[in-house]
Number of protein chains: 2
Amino acid sequence: MRQSQLFTKTRREAPSDETSKNAQLLIRAGFINKEMAGVYSLLPLGFKVVNNIKKIVSEEMERIGSEEIIMSTLQNKETWKKTDRWSDEKVDVWFKSELKNGNDVGFGWSHEEPITEMMKSFIASYNDLPRYVHQFQNKLRNEVRAKSGIIRCREFLMKDMYAFCATDEDNMDFYKKSTNAYMNVFKRIGLGDITFITSASGGFFTDKFSHEFQTICETGEDIIYINKEKKVAVNKEIYNKETVEKMGMVLEDFGEKKAAEVGNIFNFGTGKCEQMGLYFSDKDGVKKPVHLSSYGIGITRLLGVLVEVFADDKGIVWPEFVAPFKLHLIEILSGKPEVKEKAEKIYKKMGEANVLYDDRDARAGEKFADADLIGIPYQVIVSEKNLLEGKLELKNRKTGEIKMIKEDELQDLC
Amino acid sequence: MRQSQLFTKTRREAPSDETSKNAQLLIRAGFINKEMAGVYSLLPLGFKVVNNIKKIVSEEMERIGSEEIIMSTLQNKETWKKTDRWSDEKVDVWFKSELKNGNDVGFGWSHEEPITEMMKSFIASYNDLPRYVHQFQNKLRNEVRAKSGIIRCREFLMKDMYAFCATDEDNMDFYKKSTNAYMNVFKRIGLGDITFITSASGGFFTDKFSHEFQTICETGEDIIYINKEKKVAVNKEIYNKETVEKMGMVLEDFGEKKAAEVGNIFNFGTGKCEQMGLYFSDKDGVKKPVHLSSYGIGITRLLGVLVEVFADDKGIVWPEFVAPFKLHLIEILSGKPEVKEKAEKIYKKMGEANVLYDDRDARAGEKFADADLIGIPYQVIVSEKNLLEGKLELKNRKTGEIKMIKEDELQDLC
């Protein structure tokens, strides 16, 4: 894409009420727009990064057999009353309003209940199990305080997946498969080394237990205790002698870290389906409740975590597979038409989808600063000087390393 | 995809409170799930059709230079007060709620105001114009009566595009380009022949005029007057001698038809930007208000219109480029393993993404009835009898025509 056509511009300053690093940089670089506290829109560059993350997550969810759907935002009170989660005392993040006929309506902050209700139309016998479904949903939560930029929002994109199984064994089988799929996701988006599967308490709404995926991050809201060697961690809430001993370790094996929760998985056992009335007939015709587990990844939250983890003092640094473009092609203005011609040629050859081409009528210094702020992994500089040498300048945004390359070598980067 | 793995099943009956043909068929065939009156979720087959429509719309919008973004659902009262459209007297479809701090919050039923507000960060001079942006947004509207199935919903997916231009001329230029892009969309999804661009009144919020795209459809909510020869139409509201004479025609040139509005385009002139405070400096440094036009297509509504227009007494009939799959491969169970082997071979060769493979343990009659209800354009029947003849049976869902083909000929269909 031509940068002259991108409607966003970089800014020197983020809004004064924005204190988090992730939102400050994402706003300054033109990835997001702040609508109000805890509510952000995705601008073209942010939209691209989110799509790249979604694509990776989709592939991993489909690989383990999940089907994609999209549930509604508007929520039916009757459905949620079945588990007593309509109540504002039980769930304190509901947004609610009224239909024109005076009936209450809610706005989806989670979707276990409507998905389980919907499944009652499709699950009747053991032949209909297991079933796995997922969606990318815009969740709305009436948080008291929206802080940490796009890491904790009132509106955010979440991938939520639900597994409906006949037995505890099948459920646990899928739980393990999903855990692996989740670790693949975090590896592919560049957070594999610093993301840990963390034991956590189940909370009041789970039968048994839950796990979180926590990414080590200085601005994270959670405290976790990590055993680096074994790549496991424990959430602060349940970190004690008893817990770690159950895991076959001792307290000394763990170190304290700040972390951001990027995913979570719950096992509801049969509790949720019993409340909702989702039963199946087993091979002997016996009616049994379905086992349910649920699996979340905070998609827009990941955008914020990636910024927090990788940004440096010059701006954002995107890992390769989520970056909005592979290359940032920077044309250094000069009197010579050859420079523009070369830049145009490279732009066309490498493909509009791969390249953000800074064709703007701007000074070199401004272009370099903007490129560093936006954070595309490789910057290719086309200048009169470089052309005289028959080479191009390639800068690695992350390491800052600059080398002279031949045009042909660019192919390896896309 | 293997039909045995699809979690949805066809149903004999739609919910008793569902009176529209489109929702009845879409529910019975497993494309959508009814959450409450006027609110539907998209199940895997429906999700695929919507994605196919979105892809076509995206391509046409990008071709005319629009950039994709996604605005928030949560709406800031202050932004909407600038045009007096926060008021329930002025806009009677708002859903509203309260933040924890007592501040009002709205839920997006349209996005002209927040997009114009956001653009104030990026448009300052004539150099920054024109700018075109679009999004696929889940709109929420508190309709008094939700009827016509997914044609008029309380929650629906809409593509909305906004053009910000320096002059009326540029604005009208893009208006024409968009009109062509819209007609391309309707052509590509199979509605070209029966969709008309229709003059309509501006309504209180437009400066000048608007056009609708109306698809002839017996269950449509609108009445339009069509000149088939010239491929133009006039909305009932403004159909009179004066209007048609302004168009250089007479009343006798027009015939009355029922139609469903599938798209609309508005010219706001400079009115909206003056209200919102979006100005730019022209070449002489003079401050001028930006011209705005907006462009909508009802994406999930199209799903309903396609069903209304093409369905027959056996079920849905999808046009080729929006169908959830290209082929419905139907294996007729027999004692011979060769039948399953052949079906499996075809499934793998044609690709999982192209084929819905009915590998279920079910009778031929049930499989045929389900295939007709689901409405994939071509049905390929693999049976013992066909194999003996060295051929496959190919049924065209729309025409009902059946012919015997060689396996190689299948390639032409994908």
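Residues numbered from 1 in each chain as written. Chains lettered and ligands numbered in written order. Predicted model: local features only at pLDDT ≥ 70, side-chain atom pairs only at ≥ 80, totals over all residues. Heavy atoms only, no water.

A. Representation of the side chain of Ser293(B) within the structure. Along the chain, Ser293(B) turns up in strand β16 (residues 291-298). Contact partners of Ser293(B), with chain neighbours within four places excluded, come to Met161(B), Tyr162(B), Ala163(B), Asn171(B), Tyr175(B), Phe266(B), Asn267(B) and Phe268(B). (Helix = DSSP H or I, 4+ residues; strand = E, 2+ residues; numbered from the N terminus. Contact = heavy atoms within 4.5 Å.)

B. Quick peek at the relation of the copies chain A and chain B. Overlaying chain A on chain B yields an RMSD of 0.0 Å, the required transformation being a rotation through 180° with an accompanying axial translation of 0.0 Å. These values place the two chain copies in the arrangement generated by a two-fold rotation axis. No C-alpha of chain A lies nearer the rotation axis than that of Ser97(A), which sits 2.8 Å from it. When the interface residues of chain A are mapped onto chain B, 100% of them again lie at the interface, so the same face is used by both copies. (Least-squares fit on C-alpha atoms with pLDDT ≥ 70 in both.)

C. How the structure looks around the interface of chain A and chain B. On the chain B side, the residues contacting the 54 residues of chain A number 54 residues. The junction of chain A with chain B conceals about 4700 Å² of combined surface from both sides, 59% of it contributed by carbon and sulfur atoms. Between the two partners, chain A and chain B, sit two salt bridges. In this structure, the salt-bridge partner of Lys9(B) is Asp128(A), at a minimum N-O distance of 2.8 Å. (Buried area = accessible area lost by both parts, 1.4 Å probe. Salt bridge = Lys/Arg side-chain N within 4 Å of Asp/Glu carboxyl O.)

D. Looking closely at the packing of aromatic side chains. Inspection of every chain in the model, using the stated rule, returns 35 aromatic pairs over all chains. For the pair Phe7(A) and Phe122(B), a centre-to-centre distance of 5.6 Å together with 75° between the ring planes defines the contact as edge-to-face. Taken as a pair, Phe7(A) in the segment before α1 (21-28) and Phe122(B) in the loop between α4 (112-119) and β7 (131-140) lie in two separate chains rather than in one. Each ring, one from Tyr347(B) and one from Tyr357(B), has its centre 5.0 Å from the other, and the planes form 45°; the classification is tilted. Taken together, the residues Tyr347(B) in helix α9 (residues 337-350) and Tyr357(B) in strand β18 (residues 355-358) connect sequence positions ten residues apart. Tyr347(B) sits in the buried class, given a relative accessible area of 3%. Taken together through their ring pairs, the aromatic side chains of Trp80(A), Trp86(A), Trp94(A) and Trp109(A) make up a single cluster. The ring of Phe196(A) has Lys231(A) sitting right over it, with the charged end atom 4.5 Å from the ring centre. (Phe/Tyr/Trp six-rings, centres within 6.5 Å; stacked < 30°, edge-to-face > 60°. Buried < 20%, exposed > 50% of the residue type's maximum accessible area, 1.4 Å probe, protein only. Lys NZ or Arg CZ within 6 Å of the ring centre and 35° of its normal.)

E. Spatial organisation of the sheet that holds strand β4 (residues 74-75) of chain A. Residue and element names in this part refer to chain A. Reading across from one edge, β4-β6-β5 is the order of the three strands in this open sheet, with antiparallel pairing throughout. Of all strands in the sheet, those with a lone pairing partner are β4 and β5 (95-98), marking the two edges. Pairing between β5 and strand β6 (residues 104-107): four bridges, direction antiparallel. Of the residues in β6, the one forming a bridge with Ser 97 is Val 105. (Pairing = 2+ DSSP bridges.)

F. Seen up close, the nonpolar core. All names here are of chain B. Counting 66 residues, the largest nonpolar core has Leu 26, Phe 31, Ile 32, Phe 186, Leu 303 and Trp 318 as the members making the most contacts within it. A domain split of this core shows at least three residues from each of domain 1 (21-310) and domain 2 (327-413). Residue contacts for Leu 303: discarding those within four places in its chain leaves Leu 26, Ile 32, Leu 42, Val 49, Val 50, Ile 53, Ile 150 and Trp 318. (Core = buried A, V, L, I, M, F, W, Y, C linked by side-chain atoms within 4.5 Å. Domains from an automatic or database assignment.)

G. Structural context of the packing of helix α2 (residues 44-63) of chain B against helix α5 (residues 168-188) of chain B. Residue and element names in this part refer to chain B. Between α2 and α5, the least distance of the axes is 9 Å, while the angle of their chain directions is 155°. On the basis of the axis angle, α2 is roughly antiparallel to α5. As α2 packs across α5, the resulting crossing turns out to be right-handed. Facing Ile 56, Val 57, Glu 59, Glu 60, Met 61 and Arg 63 of α2, the residues of α5 in contact are Ala 181, Tyr 182, Asn 184, Val 185 and Arg 188. Looking at side-chain class alone, the contact of α2 with α5 contains six nonpolar, one polar and four charged residues. (Axes fitted to C-alpha atoms, helices over the stretch in contact; angles between N-to-C directions. Parallel < 35°, antiparallel > 145°, perpendicular 65-115°, else oblique. Left-handed = near helix turned anticlockwise from the far one by under 90°. Nonpolar A, V, L, I, M, F, W, Y, C, P; charged D, E, K, R; others polar.)

Bear in mind that shape data such as this cannot, by itself, settle questions of function.
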